[in-house]
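Here is how the chains run, residue by residue.
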Amino acid sequence: MSNLKNYSRRRFLAQSGLGLVAFAGMPGFLHAMEGMQGLHGMPKLTPNKASPNFKPDVEFNLSCESSSVSILPGQKTLVQKYSAKLIKGPENTITEIADSYLGPLINLQKGQKVRINLYNKLAEPTVTHWHGLHVPANMDGHPMYVIDPGQTLVYEFEVLNRAGMNIYHPHPHEATAKQVYNGLAGALFVHDDEEAALGLPSGDYEIPIVIQDRLFDEQNQLIYARNMHDRMTGFYGDRILVNGRPNFQIDVDSRAYRLRVLNGSTARIYKLGWDDGTPLTVIGVDGGLLEQPQVKPYVMLAPGERLDLWADFSGRNEGSQLVMRSLPFSGVLPKMAARMGGMMMHANTLPVGSDYPIFTARVTKKVSDSPKLPAQLSKINWHQISATANPEKPLPIGISEGPMAMLLNGRPYKFDDIQDIERIKVNTIQLMEISHAHGGGHGKEPAPASGEHGAEKQNGGMGGMGMMGGMKHGDDDQKGGGQGMMGMGHKGGMGMMGGMKHGDGDQKGGGQGMMGMGGGMGMMMTMAHPIHLHGQQFQIVSRSASANNEADYATVRDGFIENGLKDTVLVMPGETVRIIKPFQDFKGLFMYHCHNLEHEDMGMMRDFLVE
Ligand SMILES: [Cu+2]
C-alpha cells in the first residue's frame, strides 16, 4: 500500500506547477521529495509559500506562541496561544477575546479568497487545521504539513462553506491534544447571504461560548495527562472555563440572543441544559443552520461539536438569572474507569456525567423589543442513500479501544498506510457506517504481515491484560493505584478484577455487571467516541443503539440532533451510526479520527485518500 509515495510526488509536482509550492532553490526542492523523511515516516515538505497568482480578499498573519494570561486569581498561567494581525480585508475579520488564551474570533464570508500566514513561534512543530472547512487537502492542516519553530506556512483557499461556526486548532501528529490543552484553539465563523437574510441576533446579541475544562496546580499552572489512564479515557480537568474564563457570566437584556457554542475540551462531553428546565431552542449545529428550529430538553455536546442556540430571555425580570449546566448522564466512559475514577485519577472532583454549572446568564436590563425566531432558517441539500456510490455497502469506520491501542478499522495511525476501504473516488457521495469493533487490539485483529513497527507494536501481545490483579481498593488510597494498574500483564488472561473488592457503592452498580464475565476487555473498555471526518460535512442517516445499554442510553438519547449537517458525531458504546458524506472537489489525504484528542494522539486516526 504505498502508492502514496507516488501520490506525494504527483501532488508535489502538481502544486509546484500551480505555483502553490514555491521553494528557495534546489536544496529545498530536494527536501520536499521523498528522499528525506520527517517525523513518523511523513515526508519532510517545504512549507507552502504565497502564490503570486492567488489574489486574496482577506489576508492575515496567525502566530502560535508561548504567552501567559491571568485565568485564576493570583499568578498568571503559562499557555500557548494564537494571535492574529489583519493585513487585508474587513476590519471585523479578526476579533480578539479580551484576557483569554483562546485565539481571536475569525469572521469570513462565503466566497472570500483567504490567505493565512501561519508563524510557528513555539519551540515545537505545529500545523493548524480548519475544523469544518471544506478546503484542498494541502490546506487542511494534515500533520504531514507541520512546520518547525521559526518557519512560516501559507494557507490559501476560497471559503466554500455555508454559514457556520468552525474551529481552528493544531493537528501535529501525537501532539494535538497537548497543544490544544495549552490554549491553541479558536472559533472561525463563516457568514453567507442565507444567514444574513434572517436577521438573527448579532453584534452584542450574538455570543460565542467556547467550553473547556482544565486542571491547575497550586501555582495556577496547567496540569496535563499524567498517566496512561488519563490518555485512555481522555484527560479531564476539574474546572470549567468558558472563553478561557472561570465562573463565566454574561449580562443580557430581556430579549433573544444567539449563543454560538463550541465544545473545545480535549475529552469532556457535556449534556447542556438550563437549570430551570427551559428547553433549548437549537437553530444550528456543526455545519450551520438547521432548516427549522428544533426544541430539545437538553443537547449532548462532545469535543469538536458546535451548537447554535436561540436563547430568548424575553419576559424575564431584571436581576433574574439562568444557569447553563451539564446535566447528569451515564455510559460514556468505560465502566471500569467510571468506577475506579476516584482512585486512578487523583479524585477528579468533576466527574464526567455529574451535574455542574457551565455559565450564568444574568438579566441586567429590561427591554420591550425582541426579534422573532424565524420558522424557516435555511435550506439543506440532502442526499438520498440511492445517490451514494455504495448504497448496499457502507464504508466502515470501526472503533476499537484498549489501554495500549486506540484504533480505527483495526489499525493505528500510520502515514502512507491507505487500505482499500480508505480509497475514495473524488466527486462521489459515500454511505458510511461507524460502529464499535469489539476486540480490536486485543488479539482478534490479524497482525500486520509486514511486521512494520507501529501497527505491530500496537496489535501484538495484547492477549492478556492482568491489569487489576491484586489491586487494593479505597478512595483514600489514591496515589499509587494509577501506575500499578495499567501494567501490561503477562498472559494473565482476564484476571482483571481478581482480588478486587467493591467498596464505596457510590458509583451505581453498573460496574460489576460489565466487568463480569465474558465481555472481556472489549466490553470493559468500551466508551463513547466523537468521530470527526475532515472535509465536507455529512448528514446522519440512522443511529441504532445496542440493547445492552438501555439505561445509560436513556440519559442521553434526547440530546442528539440529526437534522443538521455534522462533521463530528458522538458514537455511544454499542451504537452504530450511518452517515452520508460527500467527497467533492478535492483529491488528497483527508483524516478521520476520534475528537477525544487524547485518543487521536494515541492513534485513533486514519487517512482517506480521495483520488
Ligand atoms: Cu475516542
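Keep in mind that this is a model prediction, so the values were computed, not measured. (Residues numbered from 1 in each chain as written. Predicted model: local features only at pLDDT ≥ 70, side-chain atom pairs only at ≥ 80, totals over all residues. Heavy atoms only, no water.)

K.L.:
For this particular structure, what's the right way to read the nonpolar core?
P.N.:
When a protein is soluble and globular, its nonpolar side chains tend to lie buried together. Counting 39 residues, the largest nonpolar core has Phe60, Leu62, Trp130, Tyr155 and Phe157 as the members making the most contacts within it. Looking at this core, the element that brings in the most residues is strand β1 (residues 58-69), giving 4 residues. Among all residues touching Phe60, those that are not within four sequence positions of it are Ala84, Lys85, Leu86, Ile87, Thr93, Ile94, Ile106, Val114, Arg115, Ile116 and Asn117. (Core = buried A, V, L, I, M, F, W, Y, C linked by side-chain atoms within 4.5 Å. Buried < 20%, exposed > 50% of the residue type's maximum accessible area, 1.4 Å probe, protein only. Helix = DSSP H or I, 4+ residues; strand = E, 2+ residues; numbered from the N terminus. Contact = heavy atoms within 4.5 Å.)

K.L.:
How do you make sense of the pairing of strand β9 (residues 186-191) when you look at a structure like this?
P.N.:
On a regular strand, each side chain points to the face opposite its neighbour's, so the side chains alternate between the two faces of the sheet. Of all 6 residues that make up β9, 6 are buried, and the element is covered over most of its length. Here β9 shows two buried faces, one formed by Gly186, Leu188 and Val190 and the other by Ala187, Phe189 and His191. Pairing between strand β4 (residues 105-109) and β9: 4 bridges, direction parallel. The residue of β9 that forms the bridge with Leu108 is Val190. (Pairing = 2+ DSSP bridges.)

K.L.:
Sorry, what's going on with the coordination of the copper ion here?
P.N.:
The expected angle between donors at a tetrahedral four-coordinate metal is 109.5 degrees. At an octahedral six-coordinate metal it is 90 or 180 degrees. Note on the copper ion: its protein donors are His529 (ND1), Cys594 (SG) and His599 (ND1). The metal-donor distances range over 2.0 Å. In primary-sequence terms, the residues that donate to the copper ion follow H-x64-C-x4-H. Placement of His529 in strand β26 (residues 529-533) and of Cys594 in strand β30 (residues 588-594) is noted, with a sequence separation of 65 residues between them. On the accessibility criterion, His529 (0% relative accessible area) is buried. (Donors = N, O, S within 2.8 Å, 3.2 Å for Na, K, Ca; no water.)

K.L.:
I would appreciate a short explanation of unusual backbone geometry in the present structure.
P.N.:
Most peptide bonds take the trans configuration, and most residues that are not glycine carry a negative phi. Despite not being glycine, Asp99 has its phi angle at roughly 55°, a positive value. For Asp99, the position within the fold is in the loop between β3 (94-95) and β4. The exposure class of Asp99 is exposed, given its relative accessible area of 60%. Unusually for a residue other than glycine, Asn427 sits at a positive phi of about 65°. Counting through the fold element by element, Asn427 comes out in the loop between β24 (423-424) and β25 (428-436).

K.L.:
When you look at the sheet that holds strand β6 (residues 128-131) in this model, what are you seeing that I'm missing?
P.N.:
The strands making up a sheet associate through backbone hydrogen bonding, with each pair oriented either parallel or antiparallel. Pairing within the open sheet is mixed, and its 5 strands lie in the order β3-β4-β9-β8-β6. What marks the edges here is a single partner per strand, and that holds for β3 and β6. Pairing of β6 with strand β8 (residues 164-170) involves 4 bridges; the strand directions are antiparallel. By the bridge assignment, Trp130 is partnered in β8 with Tyr168.

K.L.:
Even after reading the chapter, I still don't get the pattern of salt bridges, so can you show me in this structure?
P.N.:
Opposite charge on two side chains permits pairing when their charged atoms draw close. Tallied over the entire structure, the rule returns 25 salt bridges. With a closest N to O distance of 3.3 Å, Lys566 and Asp286 form a salt bridge. Pair noted here: Lys566 is in the loop between α11 (550-553) and β28 (568-571) and Asp286 is in the loop between β16 (280-285) and β17 (288-296), with a separation of 280 residues, a long-range link. Comparing Lys566 with Asp286 shows no difference in burial state: the two are buried. We note a salt bridge from Asp355 to Arg325, for which the minimum N-O separation is 2.8 Å. Taken as a pair, Asp355 in the loop between α6 (335-344) and β21 (356-365) and Arg325 in strand β20 (residues 321-326) lie far apart in primary sequence, 30 residues in all. Among the residues examined, Asp355 registers a relative accessible area of 42% and is labelled partly exposed. Here the residues in one salt-bridge network are Glu195, Glu206, Arg258, Arg260 and Asp308, joined through shared partners. (Salt bridge = Lys/Arg side-chain N within 4 Å of Asp/Glu carboxyl O.)

K.L.:
Got a minute to help me understand the packing of aromatic side chains in this structure?
P.N.:
How two aromatic rings sit relative to each other is set out by the distance from centre to centre and by the angle between their planes. Summed over the entire model, instances satisfying the criterion amount to 15 aromatic pairs. For the pair Trp130 and Tyr155, a centre-to-centre distance of 4.9 Å together with 85° between the ring planes defines the contact as edge-to-face. Placement of the pair is Trp130 in strand β6 and Tyr155 in strand β7 (residues 152-158), with a sequence separation of 25 residues. For Trp130, a relative accessible area of 1% corresponds to the buried category. (Phe/Tyr/Trp six-rings, centres within 6.5 Å; stacked < 30°, edge-to-face > 60°.)

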